[in-house]
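Coordinate analysis (summary)
Chain by chain, the residues run as shown.
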Amino acid sequence: MALEHAILVSLLEQPGSGYELARRFERSIGYFWTASHQQIYRVLARMEGDGRLVVREVEQQGRPDKKEYSVAGPGRAALAEWLHKPIEPESLRHDLAVKIRGAAFDDPAALVREVERHRQAHRDRLAHYLAGESRDFTGPEAPAPLDPGQELQHVVLRGGIAYERMTIAWLDDVLDTLHRLAGPPPGPAA
């Protein structure tokens, strides 16, 4: 998926400025796609230039005017074309998995700290996803019932939650295996 498609989806959900779009990428779109502020602004300028986006100046009190982007007809058509094209199933290209296999040719215990670091990162991301789910979809402030767009956002988030839980379980299994292969810690010198 190109960043352009993620931007089109976000702007169809709600028009916004480059700053607002970057915030959405940090908050909810980041569940499945990440981009830096610089990447977003660069792509917005290109999409505006090729007619897929329209921009209007929005006056603000006490601050400079902002550009608010929305999707133009060619942008909607580009998204529709992409939605109807098949995409390749994602392949699992996983550097950590290669390191784990490579541990057979070194000291498996040397990899424990790296796997623990990955496990913590996935636990943190899971906590972030669960907080977002509670805030936006299942908690007391969540809209009920959800509209179709919200339902689709939620199903993507649930996929992210399931992925993080699966990854944490796998990393726990990896750690158990590494510890077993490393054997007991050395005892005191005699």
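Here the residue numbering is sequential within each chain, running from 1 through the sequence in written order. Per-residue local features of the predicted model are confined to residues with pLDDT of at least 70, and side-chain atom pairs are confined, for both listing and counting, to 80 or more; whole-chain, interface and lining totals are unaffected and use all residues. The side-chain figures draw on all heavy atoms in the structure; neither hydrogens nor water molecules are used.

On to the overall build of the protein, then. A run of H or I in DSSP counts as a helix once it spans at least four residues, and a run of E counts as a strand once it spans at least two, with each numbered from the N terminus. Secondary structure assignment for the protein yields seven helices and two strands. Counting from the amino terminus, helix and strand elements in the protein follow one another as α-α-α-β-β-α-α-α-α. For the protein, whose C-alpha radius of gyration is 22 Å, the value lies well above the compact-globule estimate of 16 Å for 190 residues. Taken over the C-alpha atoms alone, the protein extends approximately 80 × 40 × 40 Å along its principal axes. Two things to know: the radius of gyration comes from C-alpha atoms, and the globule rule equals 2.2 Å times the number of residues to the power 0.38.

Here the focus is the side chain of H154. Summarising the element assignment, H154 is placed in helix 7 (residues 148–182). Categorising residues by exposure relies on relative accessible area from a 1.4 Å probe, with only protein chains included: less than 20% of the type maximum marks a residue as buried, more than 50% marks it as exposed, and the intermediate range marks it as partly exposed. Judged by relative accessible area, which is 8%, H154 ranks as buried. If sequence neighbours within four positions are ignored, H154 has contacts with E133, F137, T138 and L146. Residues count as neighbours in contact if any of their non-hydrogen atoms are within 4.5 Å of one another.

Each domain span listed reflects an automatic or database assignment of domains. Structurally, the protein comprises domain 1 (1–86) and domain 2 (93–180). Relative to domain 2, the C-alpha centre of domain 1 lies at a distance of 27 Å.

Let us now look at the packing of helix 6 (residues 112–138) against helix 7. Orientation is described by lines fitted to C-alpha atoms, with helices fitted over the stretch in contact, and by angles between N-to-C directions that extend from 0 to 180 degrees. Helix 7 packs onto helix 6 with a crossing angle of 155 degrees between their chain directions and a minimal axis gap of 9 Å. With respect to helix 7, the axis of helix 6 lies roughly antiparallel. Considering how the two elements wind past one another, helix 6 and helix 7 form a crossing that is left-handed. When residue character is reported, Ala, Val, Leu, Ile, Met, Phe, Trp, Tyr, Cys and Pro are called nonpolar, Asp, Glu, Lys and Arg charged, and the others, Gly included, polar. Residues belonging to the contact of helix 6 with helix 7 are distributed by class as follows: 14 nonpolar, 10 polar and nine charged. These descriptions rest on fixed angle ranges, namely under 35 degrees for roughly parallel, over 145 for roughly antiparallel, 65 to 115 for roughly perpendicular, and the rest for oblique. Crossing handedness follows the turn of the near helix against the far one: under a right angle anticlockwise gives a left-handed crossing, and clockwise gives a right-handed one.

Next up on the list: the confidence of the model for the protein. Predicted coordinates in areas of low pLDDT are best not read in detail. The predictor attaches a confidence to each residue, called pLDDT, with possible values from 0 through 100. When pLDDT is averaged along the protein, the result is 88; 92% of the residues meet or exceed 70. No element of the protein has a lower mean pLDDT than helix 2 (residues 18–27), at 86, and none a higher one than strand 2 (residues 66–71), at 95.

It is worth spelling out the side chain of K66 at this point. Here K66 is to be found in strand 2. Ignoring any residue separated from it by four or fewer positions in sequence, one finds K66 in contact with S17, E20, R56, E57, V58 and Q60.

Attention now moves to unusual backbone geometry. The peptide bond linking A144 to P145 adopts the cis configuration, its omega dihedral lying at -5 degrees. Here P145 shows up in the loop between helix 6 and helix 7.

Another point: helix 2. Of all the residues in helix 2, the buried ones are G18, L21, A22, R24 and F25. With its buried residues spanning 155 degrees around the axis, helix 2 presents them on a single face. Residues of helix 2 that are buried make contact with helix 1 (3–13), helix 3 (37–49) and strand 2. The arc refers to the directions leading from the helix axis to the C-beta atoms.

Within the secondary structure, T177 sits in helix 7. Along the primary structure T177 and A131 are separated by 46 residues, whereas in three dimensions their C-alpha atoms are 31 Å apart.

By definition here, a salt bridge exists when the distance from a side-chain nitrogen of Lys or Arg to a carboxyl oxygen of Asp or Glu is within 4 Å. In total, this model carries nine salt bridges according to the counting rule given. One salt bridge in this structure joins R119 and D172, with 2.8 Å as the shortest N-O distance. Highlighted residues: R119 in helix 6 and D172 in helix 7, separated in sequence by 53 residues. A relative accessible area of 25% means that D172 is categorised as partly exposed. Put simply, R125 and E164 hold a salt bridge, and the shortest N to O gap is 3.3 Å. Taken together, the residues R125 in helix 6 and E164 in helix 7 connect sequence positions 39 residues apart.

Let us look at a nonpolar patch on the surface. Exposure above 30% relative accessible area and no salt bridge define the residues that can form patches, which grow by joining like charges within 9 Å and nonpolar side chains of Val, Leu, Ile, Met, Phe, Trp and Tyr within 5 Å. Values of accessible area rely on a 1.4 Å probe in the Shrake-Rupley scheme; residue burial ignores everything except the protein chains shown. Among the surface-exposed residues, L152, V155 and V156 lie close enough to one another that they form a single nonpolar patch of about 250 Å² accessible area. Of note, L152 is situated in helix 7. Classification of L152 by relative accessible area gives exposed; the value is 57%.

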